Amino acid sequence: MPDTQLTVTLSGGDTEDARAVVGALEGAFGPPQERPSDTDATVRTATFAGEGQGDASGQTGTRPLSEPVTVTVQGSPEAVRRASDALSRSFTTRDEGAAAGDQEQERQLLLES
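Just so it is clear, the structure is predicted and the values come from calculations on it, not from any experiment. (Residues numbered from 1 in each chain as written. Predicted model: local features only at pLDDT ≥ 70, side-chain atom pairs only at ≥ 80, totals over all residues. Heavy atoms only, no water.)

Visitor: Is there a simple way to think about the pattern of salt bridges in this case?
Guide: Side chains bearing opposite charge may pair, as long as their charged atoms lie close to each other. One pass over the structure, following the stated rule, counts 8 salt bridges. As a salt-bridge pair, R94 and E96 come within 2.7 Å of each other at their nearest N and O atoms. Accessibility expressed as a relative area gives 47% for R94, which makes it partly exposed. A cluster of three or more residues bridged by salt bridges with shared partners is formed by D14, D17 and R63. (Salt bridge = Lys/Arg side-chain N within 4 Å of Asp/Glu carboxyl O. Buried < 20%, exposed > 50% of the residue type's maximum accessible area, 1.4 Å probe, protein only.)

Below is the structure:
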């Protein structure tokens, strides 16, 4: 798995909340290959494979979340670290746990505005 590949799963919030979370990650990963759908889904997914500027320090105007959103990020340890850093710059985050494998890592975060 390339260092920049990341899968993001979101639950809670609405479609606009999912878009705000994805927007917060675009500075670190570039535009996603797959965006959260605008259906009435309760779980949404986005996939990133590109590489942005390396961080999201330039991210501005992140929309406040309508309610807490649980986000699971999965990928290489470096990709998961970058995603966690980018999200913590845009939202109040609470680490809900992590699991590490040989080549992949997964971290669950609770995001609030």
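Visitor: What is the right way to look at the packing of helix α1 (residues 15-29) against helix α2 (residues 77-90) in this model?
Guide: The description of two packed helices rests on the angle between their axes and on the distance between the axes. Remark: α1 packs on α2, axes separated minimally by 9 Å, with the N-to-C direction vectors making an angle of 125 degrees. In terms of orientation, α1 and α2 fall into the oblique class. Regarding α1 and α2, the two cross each other, and that crossing is right-handed. Across from V21, A24, L25, A28 and F29 in α1, the residues of α2 making contact are A79, R82, A83, A86, L87 and S90. Its residues placed into classes, the contact of α1 with α2 shows 9 nonpolar, 1 polar and 1 charged. (Axes fitted to C-alpha atoms, helices over the stretch in contact; angles between N-to-C directions. Helix = DSSP H or I, 4+ residues; strand = E, 2+ residues; numbered from the N terminus. Parallel < 35°, antiparallel > 145°, perpendicular 65-115°, else oblique. Left-handed = near helix turned anticlockwise from the far one by under 90°. Contact = heavy atoms within 4.5 Å. Nonpolar A, V, L, I, M, F, W, Y, C, P; charged D, E, K, R; others polar.)

Visitor: What exactly am I supposed to notice about the side chain of Q105 here?
Guide: Relative to the elements of secondary structure, Q105 occurs in strand β5 (residues 105-112). You can call Q105 buried: its relative accessible area is 19%. Apart from residues lying up to four places away in sequence, Q105 is in contact with V73, Q74, G75, P77, V80, A99 and A100.

Visitor: What is the right way to look at the nonpolar core in this model?
Guide: Most often, soluble globular proteins keep nonpolar side chains buried together rather than apart. Grouped together as the largest cluster of nonpolar side chains are 25 residues, with contacts concentrated most on L6, V71 and L87. Listed by contribution, the elements that provide at least two residues to this core are β1 (6-11), α1, β2 (43-48), β3 (69-75), α2 and β5. Top element by residues in this core is α1. It accounts for 8 residues. In contact with L87, other than residues within four places in its own chain, are V21, A24, L25, V71, V73, T93, L109 and L111. (Core = buried A, V, L, I, M, F, W, Y, C linked by side-chain atoms within 4.5 Å.)

Visitor: Sorry if this is basic, but what is going on with the sheet that holds β5 here?
Guide: Strand pairing in a sheet takes place through backbone hydrogen bonds and is either antiparallel or parallel in direction. As summarised here, the arrangement of the 5 strands in space is β2-β1-β3-β5-β4, forming an open sheet in which the pairing is antiparallel. Where the open sheet ends on each side, the last strands, each with one partner, are β2 and β4 (92-100). Each neighbouring strand pair of the sheet contributes to a mean axis angle of 20 degrees, computed without reference to strand direction. Across 6 bridges, the pairing between β1 and β3 is antiparallel. Each bridged residue has a counterpart across the sheet, and for L6 the counterpart in β3 is G75. Along the sheet, α1 makes contact with β1, β2, β3 and β5, crossing β2 at roughly 15 degrees. Of the strands in this sheet, β1, β3, β4 and β5 are in contact with α2, which crosses β3 at around 155 degrees. (Pairing = 2+ DSSP bridges.)

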